[in-house]
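# Structural overview for review
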Amino acid sequence: MNYCSKNQAIKCNFQFIDLAITDARSNLLDSLRFASHDRAHGISIVFGGKVIAGTDGRILDTLAGSYDGLIIESFSVGVLPNYGNDSFLNALSDWISAGKLVCMATQVTHEGSDMEVYQVGKVIKEKFPILESYNMTLEASVTKMMWVLGQTQDLPECRRLFYKTINHDLLFL
């Protein structure tokens, strides 16, 4: 998926992917070839992780000072762990209060996100103005968020651009 504008600084984001079901190897090679080109500039390589059982929301606090956007690859179709301490809710609140873009995606292959299926996700969606990937792949969501943040930091405009369908990346809302 190409969301790049001419003369825009590009950031490459590589996620840990199941190589058996994707074309990740060729994508990684293509990305490295591009990043090493003389005319490429502003390249950052970011390795992401997944939310797994036992993860505390304070992990997001360590990222907040360095990043303008956050995509949470949640378990199920759009939920976060809740261990009674609201650590993820507090971290999301801090990110949103700082004017940062937050998006929820899912680890469920070929399922898409739907935060309203479970109560935890529904509460988060009602409480915070976060984006949701819906049927976009994680890679498309990451690339689209970088494209959006490369154009504006205005959150309502970020939301409008993120949900703008480009090349059939978003089939339903």
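Quick look at the structure, then.

So, how was this worked out
- Residues numbered from 1 in each chain as written.
- Predicted model: local features only at pLDDT ≥ 70, side-chain atom pairs only at ≥ 80, totals over all residues.
- Heavy atoms only, no water.
- Buried < 20%, exposed > 50% of the residue type's maximum accessible area, 1.4 Å probe, protein only.
- Helix = DSSP H or I, 4+ residues; strand = E, 2+ residues; numbered from the N terminus.
- Arc of directions from axis to C-beta.
- Contact = heavy atoms within 4.5 Å.
- Polar contact = N/O pair within 3.5 Å; in protein donor to acceptor, adjacent residues only side chain to side chain.
- Core = buried A, V, L, I, M, F, W, Y, C linked by side-chain atoms within 4.5 Å.

### Observations concerning helix α6 (residues 155–162)
Residues of α6 that are buried: Cys158, Leu161 and Phe162. Seen end-on, α6 carries its buried residues on one side only, within an arc spanning 95°. Of the surrounding secondary structure, the elements contacted by the buried residues of α6 are β4 (101–106), β5 (131–132) and α5 (138–149). One side-chain oxygen of the residue at the start of α6 lies 3.1 Å from the amide nitrogen of Glu157, identifying that residue as Asp154.

### Quick notes on the nonpolar core
Membership of the largest hydrophobic core comes to 17 residues, with the highest contact counts inside it found for Ile72, Val102, Ile124 and Ile130. Of all the secondary structure elements, the ones that give two or more residues to this core are α2 (58–64), β3 (69–74), α3 (87–97) and β4. Ranked by the residues each element gives to this core, the list is headed by α3, at six residues. In this structure Ile130 touches Ile96, Val102, Met104, Met115, Ile124, Arg159 and Tyr163, once residues within four positions along its chain are discounted. Residues Cys103, Tyr134, Met145 and Ile166 belong to the second largest nonpolar core, which totals 16 residues.

Scope: geometric values only; no functional claims are made or implied.
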